[in-house]
Amino acid sequence: MKYYLIAGEASGDLHASHLMQSLKAQDGEAEFRFFGGDLMAAVGGTMVKHYRELAYMGFVPVLLHLRTILRNMEMCKQDIAQWKPDVVILVDYPGFNLKIAKYVHSLRNQPSAFSPQPSPKVYYYISPKIWAWKEYRIKNIKRDVDELFSILPFEVEFFEQKHHYPIHYVGNPTAQEVRDFLAANEHGRTRTDEKPIIALLAGSRKQEIKDNLPAMVEATQHLTDQYDLVLAGAPSIEREYYGQFLTGSCVRLVSDETFPLLAKATAALVTSGTATLETCMFRVPQVVCYKTPLPQLIGFLKRHVLSVKYVSLVNLIADREVVKELVAETFSVDNIRRELEAILPSGEKRQQMLDDYDEVHQCLGESHAPDEAARTMIRLLRDKKQ
């Protein structure tokens, strides 16, 4: 079968590449064409456009590059129509992908466009996080997406019970990636360092790093005699950028080594995102730190207006506070220092957090997400052809 995939950023490239590997293993006639990245290209198929030419985030960058974005979208639509895939698989990146879904759905009213074969199905892998913002997009999803594949267990209730839209929970790829790493590195937790490690994970974007890293560094300086302070550098950020925040500190930087670092860490300070779940899967107690502009206002909105109670995936999955979140008005050096000390060995919150991690692991399940998603996709597509 012919699979057309669209991933618009680095994380989508990673998850899509694993899905492609699983599709290839289960469908010997699989053909791929995609908007994506180097990891997807390594699996095989034809890359139409690299995600680096798509990934504009924030109002101003999008506005400045609007002509390029619209041109890329039109190219994608035309390429799908010309290649005539069996399915278009959208991977996260909702701003772009939901418009493509609308276009592909519209082809069903133009039978001549794909005659004599039917127009492609639209499958969404790693569902848009509309439970956090832009919930109105559910109307577009119901209309334009044939099958939605979720990697977060709490999304089943949101989509199926609240919005009466059935989905497939296939397991969590981040959890599987950690399990695979630990299985391949049985001695990954063996300590060879002179001091135990406190890991700093300050985000993957420059603005996040600028906002969060200085406070993380300051909050840990009193521990330099007892601990090795190690910052996980994001692969997309040049090492020189970190230097301005580390000058005069004892923090050392390692690049593109987050998993090996977490495998040996005693505790961690983590900016919200997928890294909170990775840290949980490695069973490393953590404090979530996220500085915001207008902290008092954001704190009020978080308590009284926003539809989600938490910012970290760990707490969202557990549906309660497993890890401490220092966000908006609770973000401060003193609070970070106090909460960190509480999860270090002999700290009063450490063992409870480790016990609660077990609940999160159970919620995620043991399914191999790419294999499960590929198996379901292929079955549905073959059923459609019969």
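Everything discussed here concerns the structure shown above.
Okay, so let's go over this structure.

Reading guide: rules and limits
Residues numbered from 1 in each chain as written. Predicted model: local features only at pLDDT ≥ 70, side-chain atom pairs only at ≥ 80, totals over all residues. Heavy atoms only, no water. Helix = DSSP H or I, 4+ residues; strand = E, 2+ residues; numbered from the N terminus. Contact = heavy atoms within 4.5 Å. Areas by Shrake-Rupley, 256 points an atom, 1.4 Å probe, with all protein chains shown as cover. Core = buried A, V, L, I, M, F, W, Y, C linked by side-chain atoms within 4.5 Å. Buried < 20%, exposed > 50% of the residue type's maximum accessible area, 1.4 Å probe, protein only. 1 Å grid on protein atoms, 1.4 Å probe; cavity = no way out; pocket = protein on both sides within 12 Å on 5 of 7 lines; lining within 4 Å. Points joined across faces, edges and corners; volume = space filled by probe spheres on them. Nonpolar A, V, L, I, M, F, W, Y, C, P; charged D, E, K, R; others polar. Pairing = 2+ DSSP bridges. Right-handed = clockwise from strand over helix to strand, strands pointing away. Salt bridge = Lys/Arg side-chain N within 4 Å of Asp/Glu carboxyl O. Axes fitted to C-alpha atoms, helices over the stretch in contact; angles between N-to-C directions. Expected span 1.5 Å × (residues − 1). Parallel < 35°, antiparallel > 145°, perpendicular 65-115°, else oblique. Arc of directions from axis to C-beta.

1. Observations regarding the overall build of the protein
Looking only at helices and strands, the protein features 17 helices and 13 strands. Pairs at least 24 residues apart make up 66% of the contacts formed inside the protein by residues separated by at least 6 positions. Split by element, the accessible area of the protein, about 18,100 Å² in all, is 52% carbon and sulfur.

2. A closer look at the nonpolar core
Judged by nonpolar contacts, the single largest core of 129 residues is most densely connected at Tyr3, Leu5, Ile6, Ile89, Tyr125 and Leu213. At seven residues, helix α17 (residues 369-385) tops the list of elements feeding residues into this core. Each residue touching Ile6, except ones within four places of it in the same chain, is listed here: Phe35, Cys76, Ile80, Val88, Ile89, Leu90, Val91, Phe96, Asn97 and Ile100.

3. Describing the layout of surface pockets
Estimates place the volume of the second largest pocket at around 420 Å³. Along its surface, the second largest pocket is lined by 16 residues, and Phe154, Glu157, Phe158, Leu316 and Asp319 are the ones closest to its centre. For the lining of the second largest pocket, the elements supplying multiple residues, two or more each, are α7 (154-162) and α14 (313-318). Looking at the lining of the second largest pocket, the element that brings in the most residues is α7, giving five residues. Looking at side-chain class alone, the lining of the second largest pocket contains nine nonpolar, two polar and five charged residues.

4. Let's talk about the pairing of strand β2 (residues 31-36)
As paired strands, strand β1 (residues 2-7) and β2 are joined by five bridges and run parallel to one another. By the bridge assignment, Lys2 is partnered in β2 with Glu31. The handedness of the β1 to β2 crossover, carried by helix α1 (residues 10-26), is right-handed. With helix α2 (residues 38-43) bridging β2 and the parallel strand β3 (residues 46-50), this β-α-β connection has right-handed handedness.

5. Remarks on the side chain of Asp356
The residue Asp356 is located in helix α16 (residues 350-364) in this model. With relative accessibility at 9%, the residue Asp356 sits in the buried group. With sequence-adjacent residues up to four places away left out, Asp356 is seen in contact with Arg320 and Val322.

6. Re the pattern of salt bridges
Side chains bearing opposite charge may pair, as long as their charged atoms lie close to each other. Evaluated as defined, the whole model comprises 15 salt bridges. Taking the shortest distance from any N to any O, the salt bridge between Arg33 and Asp79 comes out at 2.7 Å. Here Asp79 lies in helix α4 (residues 66-83) and Arg33 lies in strand β2, a separation of 46 residues in the sequence. Glu366 is the partner of Arg179 in a salt bridge, and the nearest nitrogen-oxygen pair spans 3.8 Å. Residue Arg179 is located in helix α8 (residues 173-184), and its partner Glu366 is located in the loop between α16 and α17; the two are separated by 187 residues in the primary sequence. The exposure class assigned to Glu366 is exposed, which follows from its relative accessible area of 61%. Among the charged side chains, a network of salt bridges with common partners joins Arg320, Asp356 and Glu359.

7. Some details on the sheet that holds strand β4 (residues 87-91)
Read across the open sheet, the seven strands follow the order β3-β2-β1-β4-β5-β6-β7; overall the sheet is parallel. Sheet topology places β3 and β7 (168-169) at the edges, where each strand pairs with a single neighbour. Two elements, strand β5 (residues 121-125) and strand β6 (residues 147-150), share three bridges in a ladder whose sense is parallel. Note on β6: the bridge partner recorded for Tyr125 is Phe149.

8. Re the sheet that holds strand β12 (residues 286-290)
Strand order in the open sheet formed by six strands is β10-β9-β8-β11-β12-β13, and the pairing between neighbours is parallel. Strands at the two margins of the open sheet, each flanked by one partner only, are β10 (252-255) and β13 (324-327). For this sheet, the mean inter-axis angle between neighbouring strands, taken without regard to orientation, is 25°. Sheet analysis places strand β8 (residues 197-201) next to strand β9 (residues 228-233), joined by four bridges and oriented parallel. Residue Leu200 lies in a different strand from β9, and its bridge partner there is Leu231. Across the sheet, helix α9 (residues 206-220) lies against β8, β9, β11 (265-270) and β12, angled at about 160° from β8, the strand it touches most.

9. A closer look at helix α5 (residues 94-106)
Here α5 is 13 residues long and its end C-alpha atoms lie 18 Å apart, about the 18 Å a rise of 1.5 Å per residue gives. Turning to α5, its buried residues are Phe96, Asn97, Leu98, Ile100, Ala101, Tyr103 and Val104.

10. What to know about the packing of α1 against α8
Running from amino to carboxyl end, α1 crosses α8 at an angle of 75°, the nearest separation of the two axes being 11 Å. As summarised for this structure, α1 and α8 are arranged roughly perpendicular, according to the angle between their axes. Across from Leu14, His15 and His18 in α1, the residues of α8 making contact are Pro173, Thr174 and Glu177. Looking at the contact of α1 with α8 residue by residue, the class counts come to two nonpolar, three polar and one charged.

11. Things to note about helix α10 (residues 239-246)
Because an α-helix packs 3.6 residues into every turn, residues spaced three or four apart end up facing the same way. If you check which residues of α10 are buried, you get Tyr241, Tyr242, Phe245 and Leu246. Looking straight down α10, one finds its buried side chains confined to an arc of 135°; they lie on one side. Projecting away from the buried face of α10 at angles above 90 degrees are the exposed residues Glu240 and Gln244. Trailing α10 by a residue or two, Gly248 shows a phi angle of about 85°, which is positive.

As far as function goes, none of this settles anything; it's purely spatial.
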